[in-house]
Amino acid sequence: MVRANGAVSLRELARVVQTSEVTVRRDVRALEAEGLLDRRHGGAVLPGGFTRESGFPQKSHLATAEKTAIADLAASLVEEGEAVVVGAGTTTQELARRLARIPGLTVVTNSLLVAQALAHANRVEVVMTGGTLRGSNYALVGSGAEQSLQGLRVSRAFLSGSGLTAERGLSTSNMLSASVDRALVQAAAEVVVLADHTKLGTDTMFQTVPTDVITRLVTDDPPAHDDRAATELQALADQGVQITVAGGAAGPGEGVPPGRQPRRDTPLPGQRRTHGGAGPGPQTRRGASASASAGLLADQPGERARVADLRHR
């Protein structure tokens, strides 16, 4: 599966081989020792993770349930009549399918897949960047794409990537994609990162969004045993990133609009300020580093694979 898809989550491996995640994790560890794959938080990838990038067909089959939940929740953040930018990626493609239901939107994108998802949406205006087509992810990149974003200002940007760490923020394996993502960020007052738990703690070659520019992370619950992913979420929260977890119960007084996905925001000591106005783009905001309460994510429920251990079948 890893060879076919480029990457795979432990949950999916456990489902496919009908065994427990504990057994899968032990087998993955053994395969890593033989140099056949690299472990990542919540999954495994082919060796050479810093520079290797899976194509769209491979990514579209990875963590599909998690991406769907993340997209549902991210769409609930968007109001009628907003102008947003949406970057390239399989998670943002799922988001675009849901944005098609919100009237009065203007969506700026460099992704052909995002534009296709919105092509027949009523009362949604789609603005595409220029640029050169990058076939592996159906995105427009290069100087043409970057120049077309100059002078643009929207309320928020929705971006995905190959990895996310508290130390470096969002990153990707391709230099051209990273450069366009930075231009998208500069056009937005707020930056929302969409990343499932398999990307947490993964660092790739080119930084796209520094941690201090990320307003909000929309993610899924990491498995209960994935302490490293939980630690990464804690570190991101400590740096002021609002963490919103898909599938969690709504917090006290939060309220969920009818027909919208409930969400759980991690409780931070201080609310992050948004970046309003018509400045050149998101500004670094680090007065005093927020310190989240200890054990912030320690009690988050994670999905365990409740299947029999069939190792000896």
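The preceding data block contains the structure.
Caption draft 1: Structural context of the overall build of the chain. Scanning the chain for helices and strands turns up 10 helices and 16 strands. With 313 residues in all, the chain has 52% of them scored as buried. A sequence separation of at least 24 residues applies to 69% of the contacts in the chain between residues at least 6 apart.

Caption draft 2: How the structure looks around the nonpolar core. Of all hydrophobic cores here, the largest spans 31 residues; its most connected members are Leu164, Val193, Val209, Leu217, Leu236 and Ile243. Going through the elements one at a time, strand S9 (154–159), helix H9 (175–186), strand S12 (188–194), helix H10 (227–238) and strand S15 (242–246) are the ones with two or more residues in this core. Residue contacts for Leu164: discarding those within four places in its chain leaves Gly169, Leu170, Val193, Ala195, Lys199, Leu200, Gly201, Thr202, Ile214, Leu217, Glu232 and Leu236. Val86, Ile102, Phe158 and Val218 belong to the second largest nonpolar core, which has 24 residues in total.

Caption draft 3: Here's a closer look at the pattern of salt bridges. Summed over all chains, the structure comprises 6 salt bridges. We note a salt bridge from Arg97 to Glu94, for which the minimum N-O separation is 2.4 Å. Of the two residues, Arg97 and Glu94 both sit in helix H6 (residues 90–99), 3 residues apart, roughly one turn of that helix. Residue Glu94 is classed as buried on the basis of its relative accessible area of 17%. Salt-bridge contacts for Glu190 lead to Arg156; the nearest nitrogen and oxygen are separated by 3.7 Å. Taken together, the residues Glu190 in strand S12 and Arg156 in strand S9 connect sequence positions 34 residues apart. The exposure class assigned to Glu190 is buried, which follows from its relative accessible area of 15%. On the basis of relative accessible area, Arg156 is assigned to the buried category, the value being 14%.

Caption draft 4: Broad picture of the packing of helix H2 (residues 10–17) against helix H3 (residues 21–33). Where H2 contacts H3, the two axes come as close as 9 Å, and the packing angle between them is 110°. When the axes of H2 and H3 are compared, the pair comes out roughly perpendicular. Of the residues in H3, those in contact with Leu10, Arg11, Leu13, Ala14 and Val17 of H2 are Glu21, Val24, Arg25 and Val28.

Caption draft 5: Spatial organisation of H3. The terminal C-alpha atoms of H3 lie 18 Å apart, and with 13 residues this matches the ideal 18 Å at 1.5 Å per residue to within 8%. All of the buried residues along H3 are Glu21, Thr23, Val24, Arg25 and Val28.

Caption draft 6: Just the side chain of Thr211, in detail. When you line up the elements, Thr211 lands in the loop between strand S13 (206–209) and strand S14 (216–220). Classification of Thr211 by relative accessible area gives buried; the value is 4%.

Caption draft 7: Looking closely at the environment of Glu66. Considering the arrangement of structural elements, one finds Glu66 in helix H5 (residues 64–75). Of the residues examined, Glu66 reaches a relative accessible area of 8% and is grouped as buried. It is 8.3 Å that separates the C-alpha atoms of Glu66 and His197, two residues lying 131 residues apart in sequence. Other than its neighbours up to four places away in sequence, Glu66 contacts Arg11, Asp196, His197 and Asp220.

Caption draft 8: View of unusual backbone geometry. Phi is positive for Gln18, close to 55°, though the residue is something other than glycine. Relative to the helices and strands, Gln18 is located in the loop between H2 and H3. Using a relative accessible area of 43% as the deciding quantity, one classes Gln18 as partly exposed.

Caption draft 9: Summary view of the side chain of Asp181. Its place among the elements puts Asp181 in helix H9. There is no salt bridge for the buried Asp181, and the closest opposite charge comes from Arg182, which lies 8.5 Å off by N-O distance. For Asp181, the contacting residues outside a window of four places in its chain are Leu159, Ser160 and Thr208.

Caption draft 10: Molecular detail of the environment of Glu32. Structurally, the position occupied by Glu32 is in helix H3. In sequence terms Glu32 and Ala44 are 12 residues apart; their C-alpha atoms lie 8.9 Å from each other.

Caption draft 11: Highlighting a nonpolar patch on the surface. Together, Leu112, Met128, Leu133 and Tyr138 line one region of the surface with nonpolar side chains, adding up to about 330 Å² of accessible area. For Tyr138, the position within the fold is in the loop between strand S7 (132–134) and strand S8 (139–141). Residue class for Tyr138 comes out partly exposed when judged on its relative accessible area of 34%.

Parameters and conventions
- Residues numbered from 1 in each chain as written.
- Predicted model: local features only at pLDDT ≥ 70, side-chain atom pairs only at ≥ 80, totals over all residues.
- Heavy atoms only, no water.
- Helix = DSSP H or I, 4+ residues; strand = E, 2+ residues; numbered from the N terminus.
- Buried < 20%, exposed > 50% of the residue type's maximum accessible area, 1.4 Å probe, protein only.
- Contact = heavy atoms within 4.5 Å.
- Core = buried A, V, L, I, M, F, W, Y, C linked by side-chain atoms within 4.5 Å.
- Salt bridge = Lys/Arg side-chain N within 4 Å of Asp/Glu carboxyl O.
- Axes fitted to C-alpha atoms, helices over the stretch in contact; angles between N-to-C directions.
- Parallel < 35°, antiparallel > 145°, perpendicular 65-115°, else oblique.
- Expected span 1.5 Å × (residues − 1).
- Lys, Arg positive; Asp, Glu negative; His and termini not counted.
- Patch = residues over 30% accessible without salt bridge, like charges linked within 9 Å, V, L, I, M, F, W, Y side chains within 5 Å.
- Areas by Shrake-Rupley, 256 points an atom, 1.4 Å probe, with all protein chains shown as cover.

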